[in-house]
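Structure assessment
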Amino acid sequence: MPRSGVNWRAARERKARLHAPVRFGIDLGGTKTEIVALAENGTELLRRRIVTPRDDYRATLDALARLVADAERELGVTGTVGLGTPGSISRATGLLRGSNSVCLNGQPIKRDLEGVLGREIRITNDANCFALSEATDGAGRGERVVFGAILGTGVGAGIVVDGRVLDGPNAIAGEWGHNPLPWPKDDERPGAACFCGHFGCIETWLAGPGVARDHVSATGIASSAQDIVARASRGDAACRATLERYEERLARALAHVINLLDPDAIVLGGGLSNIDRLYANVPRQWGPWVFSDRVDTRLLRNAHGDSSGVRGAAWLWGRS
Ligand SMILES: [Zn+2]
């Protein structure tokens, strides 16, 4: 084939790439910020990571703008931009609230970033990004209603229906971590104090620190959740018992979700989602708490791991 033929084909492919929609997703975290560019089929075209400027709102905005500009120059495209970050935008004020990057709270980050980038952006919290990523092309792909729950240092969740994040008037759909653990036993009342001001929240039982606290109260031995999981897999009886209590509580907490939402799939993320035994043992135990003669909801491990936050932010501009 003549050399010029090859060049023409390359030019045609480049042109097609320029006109395909590219979605940029940004995961703005307290310590690192990541950008990804997704093609229409979910292929990652680019991924970059920077250290998040500390305690400086203007510097954070500038860093986000630079990430997008550099990525667009590198790929030779202009794309849509979705931003995932802890916290939520108040509908009443347009200001971010509840972020653990406290310098962002009270700031009109959506409006400011739209001004800098010269286009509309979409923004949601990291749990919604997780749920959207897994519902779009992850473990929950093809399912109509997906509940994505993060079990990590805290407990959060998001709901996706027909490929879209459920976004209600209070911007808290899926915030189930600060509901009380349902059907508590006598020795589970009132439960540990939670930072939110209540006692016995689901988060105080099902986040990593809750596993450690439960283990120390049962055995007197202080261990991290990670250590407890590792020792349970090596046959340590006390650690296995702690995981059995964890599974039974998770079954109750998710039965509550199933009764309210009746999701097709529940996808777990966060560090504790790596416990293999959850996926068999929890559905085996949620039946008695679900108000139905059978439960067809599937409990699934996430497909995209730590990438779900940044990929879900990109998918805020849905699939065409
Ligand atoms: Zn709470």
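The structure under discussion appears in the preceding block.
The sections below set out a description of the structure shown in this document. Here the structure is a predicted model, which means the values were calculated and not measured.

Attention now moves to the packing of helix H6 (residues 208-219) against helix H8 (residues 237-261). Taken N-terminus to C-terminus, the directions of H6 and H8 make an angle of 125°; their axes are 10 Å apart at the nearest point. As the angle between them shows, H6 and H8 are arranged oblique. For H6 against H8, the interelement crossing comes out right-handed. For the pair formed by H6 and H8, the contact residues are Val211, Asp214, His215, Ala218 and Thr219 on the first element and Ala238, Cys239, Thr242, Arg245, Tyr246 and Arg249 on the second.

Moving on, we come to the sheet that holds strand E11 (residues 265-269). Note: strands within a sheet are paired through backbone hydrogen bonds, in either parallel or antiparallel orientation. Strand order in the open sheet made by the five strands is E10-E9-E8-E11-E12, with mixed pairing throughout. Here the strands that pair on one side only, and so sit at the sheet edges, are strand E10 (164-165) and strand E12 (298-301). Sheet topology places strand E9 (residues 155-161) next to E10; two bridges connect them, and they run antiparallel. By the bridge assignment for E10, valine 160 is matched with valine 165. Packing of helix H4 (residues 126-137) onto the sheet brings it into contact with strand E8 (145-151), E9, E10 and E11, and relative to E9 it is tilted by some 45°. Across the sheet, helix H9 (residues 278-286) lies against E11 and E12, angled at about 160° from E12, the strand it touches most.

On to helix H7 (residues 225-233), then. Along H7, the positions that sit buried rather than exposed are Ala225, Ile228 and Ala232. The arc that holds every buried residue of H7, seen down its axis, measures 60°, which confines them to one face. Within H7, the exposed residues directed more than 90 degrees away from the buried face are Gln226 and Ser233. Looking at the buried positions of H7, the neighbouring elements they touch are H6 and H8. Immediately downstream of H7, the backbone of glycine 235 shows phi near 100°, a positive value.

It is worth spelling out the pattern of salt bridges at this point. In total, this model carries 23 salt bridges according to the counting rule given. Close ionic contact of aspartate 214 with arginine 249 constitutes a salt bridge, the shortest N to O distance being 3.1 Å. Taken together, the residues span a long stretch of sequence, with aspartate 214 in helix H6 and arginine 249 in helix H8 at a distance of 35 residues. Pair check on accessibility: aspartate 214 and arginine 249 agree, each one buried. Put simply, aspartate 276 and arginine 301 hold a salt bridge, and the shortest N to O gap is 2.4 Å.

For the zinc ion, the full set of protein donor atoms is His178 (ND1), Cys194 (SG), Cys196 (SG) and Cys201 (SG), and the range of their distances to it is 2.1 to 2.3 Å. For the zinc ion, the four donor atoms are set out with angles of 102 to 122° between them, so the coordination reads as tetrahedral. All donors of the zinc ion come from a single chain, and their spacing in sequence reads H-x15-C-x1-C-x4-C. With a gap of 18 residues between them, histidine 178 in the loop between E10 and helix H5 (202-206) and cysteine 196 in the loop between E10 and H5 connect regions that are remote in the sequence. With relative accessibility at 33%, the residue cysteine 196 sits in the partly exposed group.

Counting buried positions over the seven residues of E8 gives six, a clear majority of the element. Of the strand pairs in this sheet, E8 and E9 are connected by seven bridges, and their pairing is antiparallel. Across the sheet, isoleucine 150 pairs through a bridge with glycine 156, a residue of E9. Hairpin connection, E8 to E9: the antiparallel pair is bridged by three residues. Where E8 lies against E11, five bridges are found, and the strand directions are parallel. Paired with isoleucine 150 across the two strands is glycine 269, which belongs to E11.

Now for the side chain of arginine 252. Position of arginine 252 relative to the elements: it lies in helix H8. The class of arginine 252 is buried, set by a relative accessible area of 0%. A polar contact of 3.4 Å, which involves the side chain of arginine 252, links it to the backbone oxygen of proline 182. The residues touching arginine 252, leaving out its near neighbours within four places in the chain, are Leu181, Pro182, Trp183, Pro184, Lys185, Glu188 and Trp289.

Parameters and conventions
- Residues numbered from 1 in each chain as written.
- Predicted model: local features only at pLDDT ≥ 70, side-chain atom pairs only at ≥ 80, totals over all residues.
- Heavy atoms only, no water.
- Axes fitted to C-alpha atoms, helices over the stretch in contact; angles between N-to-C directions.
- Helix = DSSP H or I, 4+ residues; strand = E, 2+ residues; numbered from the N terminus.
- Parallel < 35°, antiparallel > 145°, perpendicular 65-115°, else oblique.
- Left-handed = near helix turned anticlockwise from the far one by under 90°.
- Contact = heavy atoms within 4.5 Å.
- Pairing = 2+ DSSP bridges.
- Buried < 20%, exposed > 50% of the residue type's maximum accessible area, 1.4 Å probe, protein only.
- Arc of directions from axis to C-beta.
- Salt bridge = Lys/Arg side-chain N within 4 Å of Asp/Glu carboxyl O.
- Donors = N, O, S within 2.8 Å, 3.2 Å for Na, K, Ca; no water.
- Tetrahedral: all angles 85-135°; square planar, octahedral: opposite > 155°, others 65-115°.
- Polar contact = N/O pair within 3.5 Å; in protein donor to acceptor, adjacent residues only side chain to side chain.

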